[in-house]
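Chain and residue survey
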Amino acid sequence: MSQSATTTIYRSCPTCEASCGLKMEVDQLGKQVISIKGDERDHRSGGYVCAKSQAFHHIHEDPERLRRPVRKTAEGWREISWEEALEEVGNRLYAIRQQYGKDSIAFYYGNPNGHNFHTQIYTEMFISLMDSERFFSAGSVDQQPKNLACEILYGHAWLMPVPDLDRTGYLVCMGGNPLVSQGSILGAPDVEKRFRELRGRGGKIVVMDPRRTETARLADEHVFIRPGTDTFFLLAWVHELFARGLVDLGRLAGLVDGVERVRELAQPYSPEAVAKITGVGAATIRRLVEEFSAADRAALYGRIGLCTQEFGTLASWLVEVVNILTGRLDVPGGSMFARPATGQNEAAPHVPLQHGRFFSRARSFPEYMGMLPASLMAEELECAGEDAVHAMITIAGNPVLSVPNGKGVRRAMEKLDFVVALDFYINETTSLADIILPSCSQLEHSNYDFLFSAFGQSNFARYSPRVFEPEPDSKQQYELLLEVAARINGMEADALNEMMLEGMLQRVCASAEDPAAFAARIKAETAPYRDGERLLDILLRIGPYGDGFGANPEGLTLDKIKQHPHGLDLGPLQAMLPGALRTGNQRISLVHPLLEADFPRLEQALRRELPELVMVGRRHIRDMNSWLHNIVNYARGKNRCTLLMNPADLARHGLADGEEAEISTALGTQILPVTASDEMMPGVVSFPHGFGHVYPGTGQTTAQQRLPGRSANDLIGDTLDQPSGTSVVNGVPVRVSRVA
Ligand SMILES: Nc1nc2c(c(=O)[nH]1)N[C@H]1C(S)=C(S)[C@@H](COP(=O)(O)OP(=O)(O)OC[C@H]3O[C@@H](n4cnc5c(=O)[nH]c(N)nc54)[C@H](O)[C@@H]3O)O[C@H]1N2
Ligand SMILES: Nc1nc2c(c(=O)[nH]1)N[C@H]1C(S)=C(S)[C@@H](COP(=O)(O)OP(=O)(O)OC[C@H]3O[C@@H](n4cnc5c(=O)[nH]c(N)nc54)[C@H](O)[C@@H]3O)O[C@H]1N2
Ligand code: SF4
Ligand SMILES: [Mo]
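What counts and what doesn't
Residues numbered from 1 in each chain as written. Chains lettered and ligands numbered in written order. Predicted model: local features only at pLDDT ≥ 70, side-chain atom pairs only at ≥ 80, totals over all residues. Heavy atoms only, no water. Helix = DSSP H or I, 4+ residues; strand = E, 2+ residues; numbered from the N terminus. Expected span 1.5 Å × (residues − 1). Buried < 20%, exposed > 50% of the residue type's maximum accessible area, 1.4 Å probe, protein only. Near = heavy atom within 4 Å. Polar contact = N/O pair within 3.5 Å; in protein donor to acceptor, adjacent residues only side chain to side chain. Nonpolar A, V, L, I, M, F, W, Y, C, P; charged D, E, K, R; others polar. Axes fitted to C-alpha atoms, helices over the stretch in contact; angles between N-to-C directions. Parallel < 35°, antiparallel > 145°, perpendicular 65-115°, else oblique. Left-handed = near helix turned anticlockwise from the far one by under 90°. Contact = heavy atoms within 4.5 Å. 1 Å grid on protein atoms, 1.4 Å probe; cavity = no way out; pocket = protein on both sides within 12 Å on 5 of 7 lines; lining within 4 Å. Sits in = over half its atoms within 2 Å of the grid points. Pairing = 2+ DSSP bridges. Core = buried A, V, L, I, M, F, W, Y, C linked by side-chain atoms within 4.5 Å. Points joined across faces, edges and corners; volume = space filled by probe spheres on them. Salt bridge = Lys/Arg side-chain N within 4 Å of Asp/Glu carboxyl O.

Moving on, we come to helix α8 (residues 230-243). A rise of 1.5 Å per residue sets the reference length of α8, with its 14 residues, at 20 Å; its end C-alpha atoms lie 19 Å apart and thus fit the reference within 8%. The element α8 is extensively covered by neighbouring structure, given that 13 of its 14 residues are classed as buried.

Quick look at the structure:
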């Protein structure tokens with residue numbers, strides 16, 4: 001028998017934002033994971049894990065996960081060497097860019113990049129070296145309205161508060177189902193326990209959702225709200241605050257401008273005026289407003305259901321406005337900002353709003369955050385003539401399933417001269433690539449909870465060691481970003497990597513007494529680390545808890561964080577304002593022309609006839625958007641890609657539970673089984689996204705055989721939240737009928 005090499009590794013789960021602590025038993029000789037359990041000593045998750053804690057292990061072992069680059073040939077996919085793959089990718093992209101210009105190469109950035117800190121650290125470099133106005137990402141099917149609201153109010157798109165669940169006494173949750181999604185921009189492992197504790201200490205939870213969700217079932221009160229109408233409800237809330245003298249800015253008094261203008265904007269939207277469109281009675285609105293204001297500690301939280309709707313930016317903005325006007329922002333038990341050790345939420349110079357600096361070609365829609373709306377990707381890829389796109393790169397994303405008009409994206413991608421995918425599966429999108437460059441798996445790289453420590457329920461730092469040595473002849477995702485960005489620009493990847501370090505040193509040392517000496521010191525002290533970890537060490541050491549390279553010898557370094565395998569607790573959330581504001585004048589201005597410009601559209605919508613049936617999305621605990629369906633454990637069981645429909649609506653349409661029905665929109669028709677569910681608000685149906693594993697030529701047998709489903713995004717068109725360009729995937733008018 002071979003000598004046992006079982007070791008225990010503590011790390012955080014990379015699959016969702018909760019970032020739970022895991023205890024892994026592994027056989028490093030055999031490169032086998034023996035078990036993955038919750039780490040009871042993790043100070044944030046205390047042993048909690050969900051069903052998806054095993055996901056990254058299954059992905060690692062999936063024989064269909066790509067380990068080497070592949071090239072599409074007439075005889076099918078052929079494995080090729082890294083040299084050949086990178087040469088070809090570099091040469092083709094370089095030539096296309098020389099011939100047709102920088103905007104002829106489109107790229108799409110997917111969600112899993114946010115779960116790998118190496119990739120994140122190299123992202124800014126990649127985007128700036130791509131230098132393409134045809135940049136799309138999952139962000140515009142997700143949180144960009146919140147980015148825009150926070151950028152306007154607090155001066156930075158990612159300076160986002162989270163509801164202080166552990167100390168609040170009254171929580172209103174709108175458009176989020178954290179019991180299933182495990183929370184987003186919420187940072188809370190084991191939401192269920194926290195919610196039970198909130199109620200246990202006499203607090204109250206109200207969920208506002210067109211579906212009585214898993215979260216709603218745990219709450220004290222669930223209120224149905226018609227999809228896409230939260231802005232009206234929230235304006236009525238604001239209206240009531242003024243009407244009843246309940247505006248109380250608390251410790252933010254003296255820091256906030258535009259209060260009077262907000263009163264004027266909300267003036268027409270009395271509870272009575274919005275009752276019909278929202279489906280929420282005026283008495284209910286008044287009572288909730290009263291209870292919220294009366295509570296000792298209260299927080300209003302809104303998430304993806306509020307973002308990906310017709311007035312996503314206004315709704316996301318109003319969530320902040322209500323918290324501000326009721327004195328709930330930046331106080332314990334309210335809505336608070338985390339203070340990550342890597343310094344993202346520290347004071348920094350004001351940067352002008354990143355909006356409208358360029359426009360889409362097909363319909364002149366303004367960019368936001370350097371990106372064009374993902375919903376406009378198909379038409380943008382189809383532009384003809386001088387504006388034509390010739391090549392595309394996808395980076396850990398599956399837009400054919402995850403972006404509205406996915407079929408259109410696919411058709412448009414098929415016509416391009418050259419497509420590269422940085423991905424480890426051959427799926428609905430990457431099967432269109434000429435070459436796929438697979439990174440190694442999450443078990444083969446270290447991690448640091450970089451993005452998600454900025455949304456924690458408490459402040460923390462956590463480093464995760466890699467579990468296995470990467471396979472020989474494999475590449476990390478960040479190395480691929482370096483290679484591609486360098487080659488497109490006719491550079492060497494190593495030189496580019498060196499420039500990354502020098503660039504960071506320049507920024508960090510600019511204000512030092514002797515910049516050259518400080519840079520030399522940083523270089524020497526961080527020399528044991530390389531690449532992302534080296535840059536991470538610098539960020540940590542100059543960060544708010546850092547050792548400052550000598551200025552604060554007791555402070556943090558990456559070495560010290562590594563000595564805390566269960567995560568390092570940096571204490572409860574603290575007040576961060578006005579210090580963290582990056583608005584230039586250190587004040588919060590509640591109003592902005594971009595927001596006001598959307599009010600005429602809102603007034604029109606109030607007078608519009610209500611559609612008979614509208615569609616919303618839903619998530620299931622065993623899914624992660626489109627990409628875990630090749631895991632047998634998560635694909636078995638009942639088909640969960642069904643249309644939930646209120647029994648009364650079913651009867652009205654002459655449909656029976658379980659029967660297949662046609663669901664149609666202006667974009668197309670899908671056939672899906674219907675499930676009778678009194679969870680659904682009458683007039684609302686729910687269609688989960690991330691399914692539709694139905695295309696030939698993909699390499700995900702389990703997904704195709706066991707859980708093909710249909711893609712909700714083949715029914716969703718190009719309606720946008722105007723200020724942010726975010727897709728309207730909730731509140732989409734649909735028709736449902738018996739199959740002809
Ligand atoms: N209708 C509707 N559409 C939606 C949503 C909705 O609620 N309704 N939600 C939206 C949201 S919030 C999001 S975030 C997007 C997600 O949309 P995308 O960001 O496009 O993500 P996925 O569809 O999950 O695809 C992820 C891809 O990354 C690859 N991948 C995963 N991990 C790695 C890795 O470590 N390395 C490499 N190289 N590749 C990897 C997978 O193989 C897969 O191809 O979907 C959006 N689409
Ligand atoms: N299991 C699982 N977990 C996930 C994911 C996954 O795919 N599966 N994806 C991850 C990602 S990328 C993200 S961004 C997060 C998202 O996390 P959440 O924001 O919690 O997302 P959902 O679970 O989709 O919950 C959105 C809720 O909004 C409701 N809703 C829809 N339209 C409206 C509306 O107009 N108004 C109101 N008030 N509510 C509305 C829906 O019915 C749904 O209950 O989840 C993450 N976690
Ligand atoms: S809740 Fe999220 S982070 Fe925690 S175990 Fe599940 S997938 Fe992993
Ligand atoms: Mo997301």
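Alright, that's what it looks like, and here's the rest.
Looking now at unusual backbone geometry. The omega angle of the peptide bond from L577 to P578 is 5°, so this bond is cis rather than trans. As for its position among the elements, P578 is in the loop between β23 (568-572) and β24 (588-589). The backbone phi angle of D473 is positive, close to 60°, even though this residue is not glycine. Its location among the elements puts D473 in the loop between β22 (463-464) and α17 (477-488). Despite not being glycine, N625 shows a phi value in the positive range, around 45°. Within the secondary structure layout, N625 lies in the loop between β25 (614-616) and α24 (632-635).

Below, the discussion takes up the site of ligand 1. Lining the immediate surroundings of ligand 1 are 28 residues, of which N111, S402, D423, N427 and S626 lie closest. Within the contact set of ligand 1, an oxygen atom lies 2.6 Å away from a side-chain nitrogen or oxygen of S626. Partitioned by chemical class, the residues of the shell around ligand 1 number 13 nonpolar, 12 polar and 3 charged.

Packing of helix α9 (residues 259-266) against helix α13 (residues 312-325) leaves a shortest axis separation of 12 Å and a crossing angle of 120°. Classified by the angle between their axes, α9 and α13 sit oblique to one another. In terms of crossing hand, the pair formed by α9 and α13 is left-handed. Contacts from V259, V262 and L265 of α9 reach α13 at W317, V321 and L325. The class makeup of the residues in the contact of α9 with α13 is 6 nonpolar, no polar and no charged.

Looking now at the environment of V162. Looking at the element boundaries, V162 is found in strand β8 (residues 162-163). When its relative accessible area of 0% is taken as the criterion, V162 is described as buried. Between the C-alpha atom of V162 and that of F455, which follows or precedes it by 293 residues, the distance is 6.2 Å.

Turning our eyes to something else, we now look at the site of ligand 3. Lining the immediate environment of ligand 3, one finds C13, T15, C16, A18, S19, C20, V49, C50, K52, S53 and Q182. Given that more than half its atoms are within 2 Å of the pocket grid, ligand 3 belongs to the largest cavity.

Across the sheet, 3 strands lie side by side as β1-β2-β3; this open sheet has antiparallel pairing. One side of each edge strand has no neighbouring strand; the edge strands of this open sheet are β1 (6-12) and β3 (32-38). On average, each strand axis in the sheet is inclined to that of its neighbour by 25°, with strand direction left out of account.

This part is about the nonpolar core. Within the largest apolar cluster, 142 residues are counted, with the highest numbers of intra-cluster contacts made by W317, I393, L437 and I588. Excluding its chain neighbours within four sequence positions, the residues that come into contact with I393 are L93, I105, A106, F107, Y108, M130, V420, L422, V484 and I488. Of all hydrophobic cores here, the second largest spans 52 residues; its members include A374, A412, V419 and L655.

What follows concerns the environment of G334. Structurally, G334 is set in the loop between α13 and β14 (335-336). Measuring from C-alpha to C-alpha, the distance between G334 and G555 comes to 29 Å, with 221 residues separating the pair along the chain. For G334, the contacting residues outside a window of four places in its chain are V162, P163, D164, A298, A299 and R328.

Sheets are built from strands paired through backbone hydrogen bonds, the pairs being either parallel or antiparallel. Across the sheet, which stays open at both edges, the 7 strands sit in the order β32-β25-β29-β26-β28-β27-β33 with mixed pairing between neighbours. Only two strands of the sheet have a single neighbouring strand rather than two, namely β32 (732-733) and β33 (735-738). Both β25 and β32 contribute to a ladder of 2 bridges, which runs antiparallel. Note that in β32 the partner of M615 across the bridge is V732.

Let us look at empty space enclosed by the protein. In the structure shown here, the tally under the stated rule is 4 cavities of 30 Å³ or more. Along the walls of the largest cavity sit 13 residues, with C13, C16, C20, C50 and S53 positioned nearest its centre. Of the residues assigned to the lining of the largest cavity, the class counts are 8 nonpolar, 4 polar and 1 charged. Its volume calculated, the second largest cavity comes out at about 70 Å³. In terms of lining residues, the second largest cavity is bounded by 15 residues, among which G114, H115, N447, D449 and F452 are the most central.

Take the pattern of salt bridges next. Tallied over the full model, the rule gives 57 salt bridges. Of the charged contacts, one joins R244 and E290 as a salt bridge, the two residues approaching to 2.4 Å between their closest N and O atoms. Residue R244 is found in the loop between α8 and β12 (256-257), and its partner E290 is found in helix α11 (residues 282-294); the two are separated by 46 residues along the sequence. Taking relative accessible area as the criterion, R244 reaches 33% and is therefore assigned partly exposed. When its relative accessible area of 43% is taken as the criterion, E290 is described as partly exposed.

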